[in-house]
Amino acid sequence: MSRFFLKFQEYDRNVFMWINGRLHNRFMNFWLYYLTHLGGATSSIAVSLLIWLLAPAPWSTTGLQACIALAVSHIPVAIAKKLYPRIRPYLALPDTITFRNPLTDHSFPSGHTTAIFSVTVPFMAAEPFLLLTLLPVALIVGFSRIYLGLHYPSDVLAGATIGTLVALATVAFWA
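Source: prediction; values computed, not measured.

(A) Fine view of the overall build of the protein. Tallying secondary structure elements over the protein gives 8 helices and 0 strands in all. For the protein, the N- to C-terminal ordering of α and β elements is α-α-α-α-α-α-α-α. In terms of C-alpha radius of gyration, the protein reaches 16 Å, essentially the compact-globule figure of 16 Å for 175 residues. Counted over contacts in the protein with a minimum sequence separation of 6, partners at least 24 positions apart contribute 78%. As presented, the protein carries roughly 9900 Å² of accessible surface, and 73% of it is formed by carbon and sulfur atoms.

(B) Inspection of the packing of helix α4 (residues 59–83) against helix α6 (residues 111–126) at higher detail. Following both chains from N to C, one finds α4 and α6 inclined at 150°, their axes separated by 8 Å at the closest point. Classed by the angle they form, the pair α4 and α6 counts as roughly antiparallel. Once α4 is placed against α6, the crossing between them reads as right-handed. Seen from α4, the contacting residues are Trp59, Thr62, Gly63, Gln65, Ala66, Ala69, Leu70, Ser73, His74 and Val77; seen from α6, they are Gly111, Thr114, Ala115, Ser118, Val119, Pro122, Phe123 and Ala126.

(C) Geometry of the UniProt feature "transmembrane region" (unreviewed entry) in the protein. Taking the UniProt record as the reference, the feature "transmembrane region" (unreviewed entry) is found at residues 31–55, 129–150 and 156–174. Between the end C-alpha atoms of residues 31–55 the distance is 28 Å, and the span holds 76% helix and 0% strand. As a span, residues 156–174 carries 100% helix and 0% strand, and end to end its C-alpha atoms are 27 Å apart.

(D) Focus on the pattern of salt bridges. Counted by the stated rule, this structure contains 4 salt bridges. Among the ionic pairs, Arg86 bridges to Asp12, the shortest N-O distance being 2.9 Å. Residue Arg86 is found in the loop between α4 and α5 (89–92), and its partner Asp12 is found in helix α1 (residues 2–22); the two are separated by 74 residues along the sequence. The class for Arg86 is buried, based on a relative accessible area of 12%. With a shortest N-O distance of 4.0 Å, Lys81 and Asp105 are connected by a salt bridge. Pair noted here: Lys81 is in helix α4 and Asp105 is in the loop between α5 and α6, with a separation of 24 residues, a long-range link. Taking the relative accessible area as the measure of exposure, Lys81 reaches 13% and is therefore buried.

Procedures and definitions
Residues numbered from 1 in each chain as written. Predicted model: local features only at pLDDT ≥ 70, side-chain atom pairs only at ≥ 80, totals over all residues. Heavy atoms only, no water. Helix = DSSP H or I, 4+ residues; strand = E, 2+ residues; numbered from the N terminus. Rg over C-alpha atoms; globule rule 2.2 N^0.38 Å. Contact = heavy atoms within 4.5 Å. Areas by Shrake-Rupley, 256 points an atom, 1.4 Å probe, with all protein chains shown as cover. Axes fitted to C-alpha atoms, helices over the stretch in contact; angles between N-to-C directions. Parallel < 35°, antiparallel > 145°, perpendicular 65-115°, else oblique. Left-handed = near helix turned anticlockwise from the far one by under 90°. UniProt positions renumbered as here; feature names shortened; annotations may be inferred. Salt bridge = Lys/Arg side-chain N within 4 Å of Asp/Glu carboxyl O. Buried < 20%, exposed > 50% of the residue type's maximum accessible area, 1.4 Å probe, protein only.

Now the structure itself:
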């Protein structure tokens, strides 16, 4: 089992270094630095609260589901960060490209990715046509976390999984 885990870690690092080291260019530097904040606390809380409080039904209900999924999804994130205190890649790998004011808490799982998936999935479940818009946005936020040197791909995958599962459970239990 430890051999498998070591191989997985090596693959995770290699994918991280490919994304973080080889894909950088001015266009992506600009856009991903700003788009990553869609998964931050300010954006994810503000958007879901505004939709809940200001949108007409049934979107207000979906906004409330997004608020609940966002809040609940960060419980397993907080637990995982305590149980698996993974050092952020820009601190562990010397050639990592990162940007101003990088986070210093633990890397696993990605809270930004968890947030964007927990907020967008209820809307995608309510109106599947929104998948065409919201899924790329959520994937870009997850990708940006790797690109900016803040998370390994497995951190992002774990965050997307947690956010999606909590959001789907919230929607399913709603009825």
